[in-house]
Amino acid sequence: MTIPRPEKLRILQRVYAQWSQLYDDFDSAESNDAYFNMYEEAMAAAEEKYKDRPANS
């Protein structure tokens, strides 16, 4: 269950874009928590997508 590196980078970019629209780069504990929650949710969805693929595909 390995998510390809290019997919991880796309997820990171999408999450950051969504987060920056919501929080406008506001640095607070709430915005940081929201960012990490959004990232974890996106990575969990990607893990579901790639869970049956071998690591070298």
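Anyway, here's the lowdown on the structure attached to this text. Here the structure is a predicted model, which means the values were calculated and not measured.

**Observations regarding helix α2 (residues 29-50)**
Stage number 1. An ideal rise of 1.5 Å per residue puts 32 Å on 22 residues; α2 measures up with 31 Å between its terminal C-alpha atoms.
Stage number 2. When α2 is considered as a whole, its buried residues turn out to be Ser31, Ala34, Tyr35, Met38, Met43, Ala46 and Tyr50. Buried residues of α2, seen end-on, are gathered within an arc of 160 degrees and therefore sit on one face of the element. Residues Ala29, Glu30, Glu40, Glu41 and Glu48 are exposed on α2 and point more than 90 degrees away from its buried face.

**Considering the packing of helix α1 (residues 5-23) against α2**
Stage number 1. It is at 10 Å that the axes of α1 and α2 come closest, and there the two elements cross at 145 degrees. Taken as a pair, α1 and α2 cross one another with a handedness that is right-handed. For the pair formed by α1 and α2, the contact residues are Glu7, Lys8, Ile11, Leu12, Val15, Tyr16, Gln18, Trp19, Leu22 and Tyr23 on the first element and Glu30, Ser31, Ala34, Tyr35, Met38, Tyr39, Ala42, Met43, Ala46 and Tyr50 on the second.
Stage number 2. Across the contact of α1 with α2, the residue classes tally to 15 nonpolar, two polar and three charged.

**As for the side chain of Glu7**
Stage number 1. Tracing the backbone through its elements, the reader meets Glu7 in helix α1.
Stage number 2. Once residues within four sequence positions are removed from consideration, Glu7 is found in contact with Arg14 and Tyr50.

Cut-off values and rules
Residues take numbers from 1 onward in each chain, read along the sequence in its written order. Restriction of local features to residues with pLDDT of at least 70 applies here, the model being predicted, together with a cutoff of 80 or more for giving and counting side-chain atom pairs; totals for whole chains, interfaces and linings are based on all residues. As a rule here, side-chain values come from all non-hydrogen atoms in the structure, and water together with hydrogens is ignored. Starting at the N terminus, helices and strands are each numbered in turn, a helix being any DSSP run of H or I of at least four residues and a strand any DSSP run of E of at least two. The span you would expect from a helix comes to 1.5 Å times its residue count less one. For every residue, the accessible area (1.4 Å probe, protein chains only) is compared with the maximum for its type, and the residue is labelled buried under 20%, exposed over 50%, or partly exposed between those bounds. To be clear, the arc concerns the directions from the helix axis to the C-beta atoms. To get an axis, a line is fitted to the C-alpha atoms, and for a helix only the part in contact is used. The angle between two axes follows their N-to-C directions and goes from 0 to 180 degrees. We call a crossing left-handed when the near helix sits turned anticlockwise from the far one by less than a right angle, and right-handed when that turn is clockwise. Note on contacts: a residue pair is in contact if any heavy atoms of the two residues lie within 4.5 Å. Polarity classes work like this: nonpolar for Ala, Val, Leu, Ile, Met, Phe, Trp, Tyr, Cys and Pro, charged for Asp, Glu, Lys and Arg, and polar for all others, with Gly in that last group.

Honestly, that's just the spatial picture; any functional story needs more than this.
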